[in-house]
There are 2 protein chains.
Amino acid sequence: MQPKDTLKIIRPDDWHLHVRSGEMLKSVIGMTAAQMGRAIIMPNLTPPVSNAAQAKQYYQEIMNALPADTGFTPLMVLYLTDNTTPKQIQTALDGKLVVAAKLYPAGATTNSDDGVTDVKNIYPALEKMQQLGMPLLVHGEVTDAKIDIFDREAVFIEQILSKVIEDLPDLKIVFEHITTKEAVDFVLSSGDNVAATITPHHLLANRNDMLVGGIKPHYFCLPILKRENPHQRALLSAATSGNPKFFIGTDSAPHAKSDKESSCGCAGVLSANCAIELYATAFESEDALDKLEGFASIFGADFYGLPHNTETITLKKQDWIVPNSYPFADTVVVPFMAGKMLSWKFLVKD
Amino acid sequence: MQPKDTLKIIRPDDWHLHVRSGEMLKSVIGMTAAQMGRAIIMPNLTPPVSNAAQAKQYYQEIMNALPADTGFTPLMVLYLTDNTTPKQIQTALDGKLVVAAKLYPAGATTNSDDGVTDVKNIYPALEKMQQLGMPLLVHGEVTDAKIDIFDREAVFIEQILSKVIEDLPDLKIVFEHITTKEAVDFVLSSGDNVAATITPHHLLANRNDMLVGGIKPHYFCLPILKRENPHQRALLSAATSGNPKFFIGTDSAPHAKSDKESSCGCAGVLSANCAIELYATAFESEDALDKLEGFASIFGADFYGLPHNTETITLKKQDWIVPNSYPFADTVVVPFMAGKMLSWKFLVKD
């Protein structure tokens, strides 16, 4: 029997990760590679990673930036544009590096200007993906300026996602970084081909953390943090339920400190530096550490039809303070919960 | 008949203003004094202005900092603490400089740590104010950590303000910087002894302006910006309705740029630099410029039982860009709507 002050689980994966490129990539990729076996690499570079050749080039850049002997594998994603063709989907999948394609509604988040202006434009590509069993990853927010920012996920479900599922009932969909009770309920009521990722920051924080006592740009992400009740509570329940429709996806998204602490701060939170510790903290708060391994290491691989990792990792029950910043290219990045105490620490990968 | 490209109104007052102290005071007091005849000066200094002697000292500091020949009069306010006595209320009013007293729930906003922990603690003071006809100014938010920040005004009405009014039915109350439809409805349903101020930023912006496309600390204020529907719309309707229960109160609250653009930005927006232009822009958007004079120059004075100003001011229809910053002690302050275009410009005071 495991002693209570350690936690040993199958090595987790990260089913939603931003690692940027160039010197920024070199600064952060080791964080994820230390803990995770694989990660779904988001394609929102400038220009976006929108075909197989770009994906291969980005893959190679990541491999070159990796520290030695991590055993880490990046899983590449195509960025869907209004012009993505079924042939591009097929070619990308044939190349073996790309495992999914991502729908960004145009303007929804960082570098999404090339995103899809009307989901009907990509129906031929989506039909091909359905046929091939290739998951569609969705940033689930409308971008209509008139819609309140806290309503944008719920409106997306109603106006777009529910129609896509009606029209393409067998398409595998990962509803990414869900933030609302409406999203939890929607995933629960959909078929087994619809799953969702949940970030550590949406489990550990709500909009009061971002706005009470001062406006805190390091808590600003998209979709934006919602209310504690019912939304944060619904996410905690879903993540710790043991339901395989909900799995890990950090959406770790580093920005330079100076791009966050400004008159118009960027959206995105770095959590890769201690991703599994953050999730362990959240699961422990729900007295559900026994559910962490399924969420972090099993359900996502099963959804993608990939094998479980063969390594394990061990966490130790130990108070420690999240660093105030990390080097990030020629500047610094402030991580989520900088300066706060966590009670689990990543110890070793075996 | 007035030409359509100018607007001449009785000189307005500002029934809610923060001017700070020392060098900061010197940086901003001239902005208000150029436009406004009088202003209710908020007492949340460190330490707070909580007795007649402190009010007199602060008044003198303001008078010394004023540019020459503005004809501006500061109206002083007592900061209520758990220990404020009826005698202190009487003494303050006898000193002629203090016209009102302010209830800050402890912890509600900038420098409110000495605020009232339980409104029952100040009932003797409030009874004296009711007897003397001295208005109570209220920051209407609860501070319970469990209450969502966007609910705090509505919960304050329900838990505190409605009970104060029940217990002290003739107390004059200014519900300051209201931000919700609930507050508008509450003021409308209360007696003539209950009025409200509305800021220019709550008329011109909603929480999407603060959070869509980036997190914008220069839109961060307390009470926090709410949704466009129904809240911003309700404020615009109330302000432009011609109902004398609603009047001007900028809550102009300067902070150094570096205290806003940080990991934990201060609450408060500078609008004194172009207060009347901002209100004119909001009223014009509702096609209600004919209602501006009542809101800005008449209803507040009537509520306080003070004479109307005898001067007039003239605004000119003219596009101009709000400056990016103003000097502020040894640093700078970024005003509300910095870099944006307004279509009315303050021209002259006669």
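In case you missed it, the structure is sitting above this.
Residues numbered from 1 in each chain as written. Chains lettered and ligands numbered in written order. Predicted model: local features only at pLDDT ≥ 70, side-chain atom pairs only at ≥ 80, totals over all residues. Heavy atoms only, no water.

Enquirer: Looking at this structure, I do not really get the overall build of chain A. What am I missing?
Expert: Counting its regular elements, chain A contains 12 helices and 13 strands. Dimensions along the principal axes, computed over C-alpha positions, put chain A at roughly 50 × 45 × 45 Å. Each of the 350 residues in chain A was classed as buried or not, and the buried ones make up 59%. Here the analysis covers contacts within chain A between residues at least 6 apart in sequence; of these, 73% occur between residues at least 24 apart. By element, 51% of the accessible surface of chain A is carried by carbon and sulfur atoms, the whole surface being about 12,900 Å². Of the charged side chains in chain A, 31 are positive and 41 negative, and the gap between their average positions amounts to 2 Å. (Helix = DSSP H or I, 4+ residues; strand = E, 2+ residues; numbered from the N terminus. Buried < 20%, exposed > 50% of the residue type's maximum accessible area, 1.4 Å probe, protein only. Contact = heavy atoms within 4.5 Å. Areas by Shrake-Rupley, 256 points an atom, 1.4 Å probe, with all protein chains shown as cover. Lys, Arg positive; Asp, Glu negative; His and termini not counted. Charge placed at Lys NZ, Arg CZ, Asp CG, Glu CD.)

Enquirer: For this particular structure, what's the right way to read the environment of Phe150(A)?
Expert: Position of Phe150(A) relative to the elements: it lies in the loop between strand S6 (136-138) and helix H5 (152-167). On the basis of relative accessibility, which here comes to 8%, the residue Phe150(A) falls in the buried class. A C-alpha to C-alpha distance of 6.9 Å links Phe150(A) and Ile224(A), two positions 74 residues apart in sequence. Once residues lying within four places of it in the same chain are set aside, the contact partners of Phe150(A) are Arg207(A), Ile224(A), Leu225(A), Lys226(A), Phe150(B), Arg207(B) and Leu211(B).

Enquirer: Looking at this structure, I do not really get the interface of chain B and chain A. What am I missing?
Expert: Interfaces are often sized by the accessible area lost when the parts come together. Listed by partner, the interface residues are 28 residues for chain B and 28 residues for chain A. Both sides together, the interface formed by chain B and chain A hides about 2,400 Å², and carbon and sulfur atoms give 54% of it. Three residues, Asn208(B), Leu211(B) and Ile215(B), lead the burial of chain B against chain A; their summed loss comes to 25% of the area buried on that side. The residue Arg227(B) makes a salt bridge to Asp148(A) at a minimum N-O spacing of 3.8 Å. There are 14 residue pairs in polar contact (both at pLDDT 80 or more) connecting chain B and chain A. The biggest single contributor to the side of chain B that touches chain A is helix H8 (residues 207-211) of chain B, with 4 residues. Here the side of chain B that touches chain A is composed, by residue class, of 12 nonpolar, 7 polar and 9 charged. (Buried area = accessible area lost by both parts, 1.4 Å probe. Salt bridge = Lys/Arg side-chain N within 4 Å of Asp/Glu carboxyl O. Polar contact = N/O pair within 3.5 Å; in protein donor to acceptor, adjacent residues only side chain to side chain. Nonpolar A, V, L, I, M, F, W, Y, C, P; charged D, E, K, R; others polar.)

Enquirer: Help me understand unusual backbone geometry, please; the structure alone is not making it clear to me.
Expert: Note on backbone geometry: most residues besides glycine have negative phi, and most peptide bonds are trans. Residues and elements named next belong to chain A. A cis geometry characterises the amide bond from Thr-46 onward to Pro-47, with omega recorded as -5 degrees. Along the chain, Pro-47 turns up in the loop between strand S3 (38-41) and helix H2 (52-65). Here Leu-222 and Pro-223 are connected by a cis peptide whose omega angle stands at -10 degrees. In this fold, Pro-223 is placed in the loop between helix H8 (207-211) and helix H9 (228-239). Of note in this structure, Lys-96 is not a glycine but carries a positive phi near 75 degrees. On the secondary structure map, Lys-96 appears in the loop between helix H3 (86-94) and strand S5 (98-103). In this structure Lys-96 comes out as exposed when scored by relative accessible area, which is 70%.

Enquirer: Help me understand the sheet that holds strand S1 (residues 6-10) of chain B in this model?
Expert: Strands in a sheet are paired, the pairing made by backbone hydrogen bonds, and the direction either parallel or antiparallel. All names here are of chain B. As summarised here, the arrangement of the 3 strands in space is S1-S10-S13, forming an open sheet in which the pairing is antiparallel. Each end of this open sheet is capped by a strand with a single partner; those strands are S1 and strand S13 (341-349). Between one strand and the next, the sheet's axes are offset by a mean angle of 35 degrees, whatever the strand orientation. Sheet analysis places S1 next to strand S10 (residues 312-321), joined by 5 bridges and oriented antiparallel. Bridge pairing in S10 places Lys-8 opposite Thr-314. Packed onto the sheet, helix H11 (residues 275-285) meets S1, S10 and S13 and runs at close to 125 degrees relative to S13. (Pairing = 2+ DSSP bridges. Axes fitted to C-alpha atoms, helices over the stretch in contact; angles between N-to-C directions.)

Enquirer: I'm lost on the packing of aromatic side chains in this one. Help?
Expert: Each aromatic ring pair is characterised by the separation of its centres together with the angle its planes make. Counted according to the given criterion, the structure contains 17 aromatic pairs over all chains. Seen in terms of ring centroids, Phe283(B) and Phe295(B) are 5.2 Å apart; in terms of plane orientation they differ by 50 degrees. Their pairing is tilted. Here Phe283(B) is found in helix H11, whereas its partner Phe295(B) is found in helix H12 (residues 292-304), with 12 residues between them in sequence. Among the aromatic residues, those joined into a ring-pair cluster are Trp15(A), Phe247(A), Phe303(A) and Tyr304(A). Over the face of the ring belonging to Phe150(A) we find Arg207(A), whose NZ or CZ atom lies 4.6 Å from the ring centre. (Phe/Tyr/Trp six-rings, centres within 6.5 Å; stacked < 30°, edge-to-face > 60°. Lys NZ or Arg CZ within 6 Å of the ring centre and 35° of its normal.)

Enquirer: What exactly am I supposed to notice about the packing of helix H5 (residues 152-167) of chain B against helix H6 (residues 181-189) of chain B here?
Expert: Between two packed helices, the angle of one axis relative to the other and the distance separating the axes together describe the packing. Residue and element names in this part refer to chain B. The interhelical angle for the contact between H5 and H6, taken along N-to-C directions, is 20 degrees, at an axis separation of 9 Å. In terms of orientation, H5 and H6 fall into the roughly parallel class. Like other packed secondary-structure pairs, H5 and H6 cross with a definite hand, here right-handed. Side by side, H5 and H6 meet where Glu-153, Ala-154, Ile-157, Leu-161, Ser-162 and Ile-165 of the first sit next to Glu-182, Ala-183 and Phe-186 of the second. (Parallel < 35°, antiparallel > 145°, perpendicular 65-115°, else oblique. Left-handed = near helix turned anticlockwise from the far one by under 90°.)

Enquirer: Got a minute to help me understand H5(B) in this structure?
Expert: Since the α-helix packs 3.6 residues into each turn, any two residues three or four apart lie on the same face. Here H5(B) spans 22 Å end to end across 16 residues, near enough to the 22 Å set by a 1.5 Å rise per residue. Of all the bends in H5(B), the greatest, near 40 degrees, is centred on Glu158(B). (Expected span 1.5 Å × (residues − 1). Bend = angle between axes of the 7 residues up to and from the residue.)

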